[in-house]
Amino acid sequence: MSVVSLEGRVAVVTGAARGVGELLARKLSARGAKVALVGLEPDALKQVSERLHSDSDHWYADVTDHEAMTRVAAEVKERFGKVDIVVANAGVANGGPFADSDPQAWRRVIEVNLIGSAVTARAFLPLLRESRGYLLQIASLAAMTPAPMMTAYCASKSGVEAYAHSLRAEVGHQGVRVGVGYLSWTDTDMVRGADQDEVMRELRQRLPWPSNKTYPLGPAVDRLVAGIERRSSHVYGQWWLRGMQGVRGYLPGLIGTVGQREMKRFAPRLKGMRTGLVGAGGSADEQARATQRS
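Now for a look at the structure at hand. Remember, predicted model here, so these are calculated numbers, not experimental data. (Residues numbered from 1 in each chain as written. Predicted model: local features only at pLDDT ≥ 70, side-chain atom pairs only at ≥ 80, totals over all residues. Heavy atoms only, no water.)

1. Re the packing of aromatic side chains
Applying the stated criterion to the full structure yields 5 aromatic pairs. Ring geometry for Phe98 versus Trp106: centroids 5.7 Å apart, planes at 75°, classification edge-to-face. In this structure Phe98 comes out as exposed when scored by relative accessible area, which is 51%. Seen from the ring of Phe80, Arg79 lies directly overhead, with NZ or CZ sitting 4.6 Å from the centre. The ring of Trp185 has Arg204 lying over it, and the distance from NZ or CZ to the ring centre is 4.6 Å. (Phe/Tyr/Trp six-rings, centres within 6.5 Å; stacked < 30°, edge-to-face > 60°. Buried < 20%, exposed > 50% of the residue type's maximum accessible area, 1.4 Å probe, protein only. Lys NZ or Arg CZ within 6 Å of the ring centre and 35° of its normal.)

Right under this line is the structure:
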């Protein structure tokens, strides 16, 4: 597959204040791309923008807000003249038993990860049609396999994977390529936030190798950048995720059986688990919504 130079390309990255989004913006910038950063933490976004190698700017916006994202798309076009690449990376997570989960936090995971991704694409698709550009939708190992204590996250990532595959078929004839990026447990604030809960941390450690490891951020993002350069339909942040595609049909039954045993083991320790969004990104989302309500 041919490699497209990123020199002079304009890339939009959502959820760019930290983690995957921040490092991806830095690596795209190092390859000569101009970068538009979008997120809920204006101070952090400004700091990221100031450290980039190439021309860049930042926008405060909630990816679930259609009007705000439409405005951002227009302003990015005005600022840079075009958009070649959009990475729908913004995401949040929560954990714990579904029956005891916070309904608002559960819904917010779906809203940000799935609805927010669709809102992002809807806002920028006209510009991607103009440039015959590329949309990379960040999904997860959670799109391939269910996991107890992660109902909202798995539902959102399964949904966003299916949506992106459907969209690929719709816009391919217009010259727009759509890719899905898969990441396993990667060293980000979100994963570290989830690991703060003893039960979630121990449950993850009991997963079979290699899904029980936390992987370094740098190599995973390097793989995403390579996928962007190739306008790939599938991008795997860890080498072994490609192989999961061939066995994913067997996983719901397996997890349903093994998961029952694990949940029985952990049942006495489930009361009192934190039910809100995890990590610094989750805190930023909760603070932004609290500000909007006040």
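2. Things to note about the nonpolar core
In this structure, Val76, Val83 and Phe124 are the most contacted members of the largest nonpolar core, which totals 65 residues. No other element matches helix 4 (residues 103-131), which puts 10 residues into this core. Excluding residues within four positions of it along the chain, Val76 makes contact with Val12, Ala36, Trp59, Gly81, Val83 and Phe124. With 30 residues, the next largest nonpolar core counts Ala33, Leu37, Val87 and Leu224 among its residues. (Core = buried A, V, L, I, M, F, W, Y, C linked by side-chain atoms within 4.5 Å. Helix = DSSP H or I, 4+ residues; strand = E, 2+ residues; numbered from the N terminus. Contact = heavy atoms within 4.5 Å.)

3. Notes on the side chain of Glu22
Along the chain, Glu22 turns up in helix 1 (residues 19-30). Excluding anything up to four places from it in sequence, Glu22 contacts Gly15, Ala16, Ala17, Val48 and Arg51.

Just distances and angles here, no functional claims.
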